[in-house]
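# Secondary and tertiary structure notes
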Amino acid sequence: MARPFKQQRDPQRPVRRPTTNFTPLAVDPDAPAAPTQRLHKLLALAGLGSRRDMEELIASGRVTVNGKVAEVGAGVTEHDVVRLDSRPLRLPFEPELPQVLIYHKPEGEIVSQDDPEGRASVFDKLPKVKHGKWIAIGRLDMNTSGLLIFTTSGELANRFMHPRYEVEREYAVRIFGELTEGQIAQLKEGIELEDGPANFDSIIPQGGEGANHWYQVILREGRNREVRRLFEAFQLPVSRLMRVRFGPVNLPPRVKRGKMLKLEQKEVVGLLEWADLPVPKAPLRQLTQREKLKSTAVFTPKVRKQRVSALDRPPRDAAEGEAKGYRGKPDSARGTAAKKPAPRKPAANRRVRQTSDLNAPQMQKKSDRNRGRG
């Protein structure tokens, strides 16, 4: 049977499309409204910058919600489409288990992300995180070493640092001199400093040799250089200061100076319960054997380039133009700039292979001539 010819479709003929009747979903007026969260808070949790920076970013008009320019203080739900410079964002609506790092800070590093003098910062060594940013729980000045905690949860950091919670900080202090019983009692009662009265909750002598003596002190504040100023009120300079405990977190002996340790998931859950914060309902992720060994191992951090706030980065269109070499050029010049050919490398003088370089043919051996014969 002959194959029939394929009929050509008439271009003027209208295309028939299948008809479907969709029934719109009925909206229940008594249904509870979807929970909303502050936009600047979610942007900060996504690791784009601090909450204050995110408020400035929203005010600049670069953030849109469902195609409309967002306003400062706006609330969004998980069904809204949020974009930054036309790029969709994934916002963390559901609480996730935060990450917590323990760092034994050495002297000579500052706890700041922006330093005009370009000094070494503890933030230069932190590992990368996919969603969120590292927040330092408390500060230590450049000449102070010891326990420093980092977390990706702003609520957990606030629970540690806010003065109303009065979380204990324990330090090991070495001073040049020795305190008397009256001075110890006065330090417990309180001393008037420039920014108000201050005192130690506990001060225990730990001995010493020569003119240097060690003391273990506990206080519930985190004012700038407070421990040093309390001792300097009696003309006793501090020659060594190290924080060994912050709240329920102690500095493990195996975490030596300059080393880091990531807390396990169960330990993080314990911190959230201590801080009365909601624990994610999702079950803990099962780790492989390699991940378990890596999570409990002390490691030496490597210096890397830190993520900058989205407010400090230029808009997406401008960033793409600069990456293509259009910086400082008018729009008419874009697209016309041709790529310059790479300069040709001069040919190196190579020696031509000659006949004398070839090996002379060797004579066939007698044993080879008789091989295979009976």
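Residues numbered from 1 in each chain as written. Predicted model: local features only at pLDDT ≥ 70, side-chain atom pairs only at ≥ 80, totals over all residues. Heavy atoms only, no water.

### Comments concerning the confidence of the model for the protein
In the predicted model, the protein carries a mean pLDDT of 80, and 74% of its residues have values of at least 70. Note that residues 326–338 has pLDDT below 50 and, in this model, seven contacts with residues that lie over four places away or in other chains. (pLDDT = per-residue confidence, 0-100. Contact = heavy atoms within 4.5 Å.)

### Examining helix H4 (residues 181–189)
Within H4 the residues assigned to the buried category are Gln 183, Ile 184 and Leu 187. Summarising the axial view, the buried residues of H4 lie within an arc of 100°, below the 170-degree limit, and thus occupy one face. In H4, the exposed positions angled more than 90 degrees off the buried face are occupied by Glu 181 and Glu 189. Structurally, H4 contributes buried residues whose contacts are with strand S11 (191–193), strand S13 (202–205) and helix H5 (226–232). A positive phi of about 135° marks Gly 190, the residue just after H4. (Buried < 20%, exposed > 50% of the residue type's maximum accessible area, 1.4 Å probe, protein only. Helix = DSSP H or I, 4+ residues; strand = E, 2+ residues; numbered from the N terminus. Arc of directions from axis to C-beta.)

### Focus: the sheet that holds strand S2 (residues 63–65)
Ordered in space as S3-S2-S5-S6, the four strands form an open sheet in which the pairing is antiparallel. Across the chains shown, the open sheet's two edge strands, defined by having one partner strand only, are strand S3 (68–69) and strand S6 (87–88). Where strand S5 (residues 82–84) lies against S6, two bridges are found, and the strand directions are antiparallel. The residue of S6 that forms the bridge with Arg 83 is Pro 88. (Pairing = 2+ DSSP bridges.)

### Focus on the nonpolar core
By size, the foremost hydrophobic cluster in this structure holds 34 residues, and its most contacted members are Phe 150 and Phe 231. At the level of secondary structure, the elements contributing two or more residues to this core comprise strand S7 (100–105), strand S9 (145–151), strand S10 (169–176), H4, S11, strand S14 (212–219), H5 and strand S15 (238–246). Dropping the residues within four chain positions of it, Phe 150 is found in contact with Gln 99, Val 100, Leu 101, Tyr 103, Val 122, Phe 123, Leu 126, Trp 134, Ile 135 and Ala 136. Judged by nonpolar contacts, the second largest core, of 18 residues, contains Leu 43, Ala 70, Leu 84 and Leu 91. (Core = buried A, V, L, I, M, F, W, Y, C linked by side-chain atoms within 4.5 Å.)

### Notes on unusual backbone geometry
Look at Glu 166: it is not a glycine, yet its phi comes out positive at around 50°. Of note, Glu 166 is situated in the loop between helix H3 (154–161) and S10. The residue Arg 225 is not glycine, and still its phi comes out positive at about 55°. Among the secondary structure elements, Arg 225 is positioned in the loop between S14 and H5. By relative accessible area, which is 36% here, Arg 225 ends up partly exposed.

### Structural notes on the side chain of Asp 85
With respect to the helices and strands, Asp 85 occurs in the loop between S5 and S6. Looking at Asp 85, its side chain comes within polar contact range of the side chain of Arg 62, at 2.7 Å. (Polar contact = N/O pair within 3.5 Å; in protein donor to acceptor, adjacent residues only side chain to side chain.)

### Overview of the pattern of salt bridges
For the structure shown, the criterion picks out 17 salt bridges. Among the ionic pairs, Arg 119 bridges to Asp 115, the shortest N-O distance being 3.0 Å. Using a relative accessible area of 36% as the deciding quantity, one classes Arg 119 as partly exposed. Across the pair Arg 223 and Glu 226 runs a salt bridge, and its minimum N-O distance is 3.4 Å. Salt bridges sharing common partners tie together Glu 168, Glu 170, Asp 201, Arg 220 and Arg 245. (Salt bridge = Lys/Arg side-chain N within 4 Å of Asp/Glu carboxyl O.)

### Comments concerning the environment of Thr 300
Positionally, Thr 300 belongs in the loop between helix H7 (289–295) and helix H8 (316–323). Each C-alpha atom of the pair Thr 300 and Gly 258 lies 6.7 Å from the other, and the pair is 42 residues apart in sequence. Leaving out residues up to four positions away in the same chain, Thr 300 has contacts with Gly 258 and Lys 259. Within the local environment of Thr 300, its side chain forms a polar contact with the side chain of Lys 259, the two groups lying 2.5 Å apart.

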